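Residues per chain are reported as follows:
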Amino acid sequence: MRLAIADPPYPPLFRERFDLAGGGSRVTARSRATRWYGEGPRSKTDAPRADVHPEAAKWDDLSAHRELLLHLVENFDGWAIATTPDGLGAYHPLPMNAQIMAWERPTAMPGGGRLIERWEPVIVYIPVERRTRAGMRVSNVLVANAPSARGGRRSFVGAKPAEWTRWVLDALGYDPATDELVDLFPGSGAVSAAADGMLSLGGAE
Ligand SMILES: C[S@@+](CC[C@H](N)C(=O)[O-])C[C@H]1O[C@@H](n2cnc3c(N)ncnc32)[C@H](O)[C@@H]1O
């Protein structure tokens with residue numbers, strides 16, 4: 001089967017702010033794509049840019065995310081998209097049999113609001129033949145820390161830990177012997193490296 005993992009730059013962060021003179025509100029949009037992978041504004045405390053892609057700003061347009069989903073539906077038997085809780089709406093409406101899994105990151109930076117930001121969704125579309133409870137079962141929650149921001153692949157902002165890749169591939173029923181896997185946004189290469197590790201182990205556990 002043809003499987004894909006898509007880990008694109010996340011959609012922009014939209015906020016309604018109530019700071020206009022006279023008490024009005026305005027909507028702000030902060031680009032995550034150009035902050036981390038392009039030439040956009042960033043904070044003094046941000047980690048160094050992982051890489052710079054000339055078309056990173058494309059992901060500030062919500063329709064690009066929708067097009068990505070349609071591309072996956074048309075070209076793959078099973079797929080996964082990594083995103084952020086506020087970014088899920090960019091992908092709606094989801095195909096009827098798509099599901100949301102939760103990656104909980106216990107030591108993630110808490111963010112600046114009342115709610116501490118500790119999880120990221122993964123939209124998964126499991127190949128139809130692999131949706132039953134026969135064989136391996138997989139939790140729809142993974143608790144794992146993101147790679148620490150020091151050294152090599154670990155310093156790549158947005159890099160996924162090996163546990164994340166194994167979890168997503170287990171959910172998709174990945175069989176290294178028969179499946180073709182496409183990593184659409186390789187970044188540090190962590191996803192493909194973890195998948196290759198499963199190959200050398202002789203398959204998903
Ligand atoms: C979230 S990161 C992927 C991280 C990767 N899964 C890992 O574990 O290292 C997103 C990647 O998409 C790249 N990217 C940005 N804009 C892009 C575009 N228009 N087309 C393709 N890739 C793009 C970024 O440079 C970055 O490497």
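As shown above, the structure is provided for reference.
Residues numbered from 1 in each chain as written. Predicted model: local features only at pLDDT ≥ 70, side-chain atom pairs only at ≥ 80, totals over all residues.

> What is the right way to read the overall build of the protein chain from this model?
What the protein chain contains, in helices and strands, is four helices and eight strands. Seen in sequence order, the protein chain has helices and strands lined up from the N terminus as β-β-β-α-α-β-β-β-β-α-β-α. C-alpha atoms of the protein chain, sized along the principal axes, occupy 60 × 40 × 35 Å. Counting over 205 residues, the protein chain shows a buried share of 32%. Once local pairs closer than 6 in sequence are excluded, the contacts in the protein chain between residues at least 24 apart make up 65%. (Helix = DSSP H or I, 4+ residues; strand = E, 2+ residues; numbered from the N terminus. Buried ≥ 20, exposed ≤ 12 C-beta atoms within 10 Å, placed from the backbone. Contact = placed C-beta atoms within 7 Å.)

> For this particular structure, what's the right way to read the site of the ligand?
Around the ligand sit 19 residues, and of these H53, E55, G158, G187 and S188 come closest. Of the residues contributing to the shell around the ligand, the split by class is ten nonpolar, four polar and five charged. (Near = placed C-beta within 6 Å. Nonpolar A, V, L, I, M, F, W, Y, C, P; charged D, E, K, R; others polar.)

> I tried to follow the environment of Y125 on my own but got confused; where do I start?
Locating Y125 in the fold gives a position in strand β6 (residues 119-125). Counting along the chain gives 98 residues from Y125 to V27, while the straight-line C-alpha distance between them is 32 Å. What Y125 contacts, discounting residues up to four positions off in sequence, is G78, W79, P95, N97 and A98.

> I'm lost on the pairing of strand β5 (residues 99-104) in this one. Help?
Residues in a regular strand project their side chains so that they alternate between the two faces of the sheet. Where β5 meets β6, six bridges bridge the pair, whose relative direction is antiparallel. Residue pairing in the sheet places W103 in a bridge with E120 of β6. Looking at chain direction, β5 and strand β7 (residues 141-143) are connected through three bridges and run parallel. Of the residues in β7, the one forming a bridge with E104 is V143. (Pairing = 2+ DSSP bridges.)

> Can you help me understand the nonpolar core in this one?
In summary, soluble globular proteins display a tendency toward joint burial of nonpolar side chains. Within the largest apolar cluster, 37 residues are counted, with the highest numbers of intra-cluster contacts made by W79, A80, I81, V122, V124, V168 and L172. Listed by contribution, the elements that provide at least two residues to this core are β1 (2-6), α2 (62-75), β4 (78-82), β5, β6, α3 (162-171) and α4 (190-200). With residues near it in sequence (within four places) discarded, V122 still touches A80, I81, A82, M101, W103 and V168. With five residues, the next largest nonpolar core counts A33, W36, Y37 and W59 among its residues. (Core = buried A, V, L, I, M, F, W, Y, C linked by C-beta atoms within 7 Å.)

> How should α3 be read in this particular structure?
For an α-helix, the turn length of 3.6 residues means that residues three or four places apart are oriented alike. Counted residue by residue, α3 has seven buried out of ten residues, so it is predominantly covered. Considered for burial, the residues of α3 that qualify are W164, T165, R166, W167, V168, L169 and A171. Once α3 ends, the next one or two residues include G173, with phi positive near 70°.

> Explain α2 here, please?
The first and last C-alpha atoms of α2 sit 20 Å apart over 14 residues, in line with the 20 Å expected at 1.5 Å per residue. Looking only at α2, the buried set comprises H65, L68, L69 and L72. Take α2 and look down its axis: the buried residues cluster within an arc of 95°, on one side only. Projecting away from the buried face of α2 at angles above 90 degrees are the exposed residues S63, E67, L70, E74 and N75. Where α2 is buried, its residues meet β1 and β4. (Expected span 1.5 Å × (residues − 1). Arc of directions from axis to C-beta.)

> Is there a simple way to think about the sheet that holds β5 in this case?
The strands making up a sheet are joined through hydrogen bonds of the backbone, oriented either antiparallel or parallel. Across the sheet, six strands lie side by side as β7-β5-β6-β4-β1-β8; this open sheet has mixed pairing. The strands lining the two open edges of the sheet, one partner per strand, are β7 and β8 (180-183). Shown here is a sheet whose adjacent strand axes are inclined to one another by a mean of 15°, direction ignored. (Axes fitted to C-alpha atoms, helices over the stretch in contact; angles between N-to-C directions.)

> Where do I start with unusual backbone geometry in this structure?
Negative phi is the rule for most residues except glycine; trans is the rule for most peptide bonds. Between H92 and the following residue, P93, the backbone shows a cis peptide bond with an omega angle of 0°. Here P93 is to be found in the loop between β4 and β5.

> Honestly, the environment of G187 in this entry has me stumped. Any pointers?
Position of G187 among the secondary structure elements: in the loop between β8 and α4. According to the C-beta neighbour criterion, G187 is buried, with 21 such atoms within 10 Å. Residues in contact with G187, not counting those within four places in the same chain, are D7, A50, F156, G158 and A159.

From the geometry alone we can't say anything about function, so treat these as descriptive.
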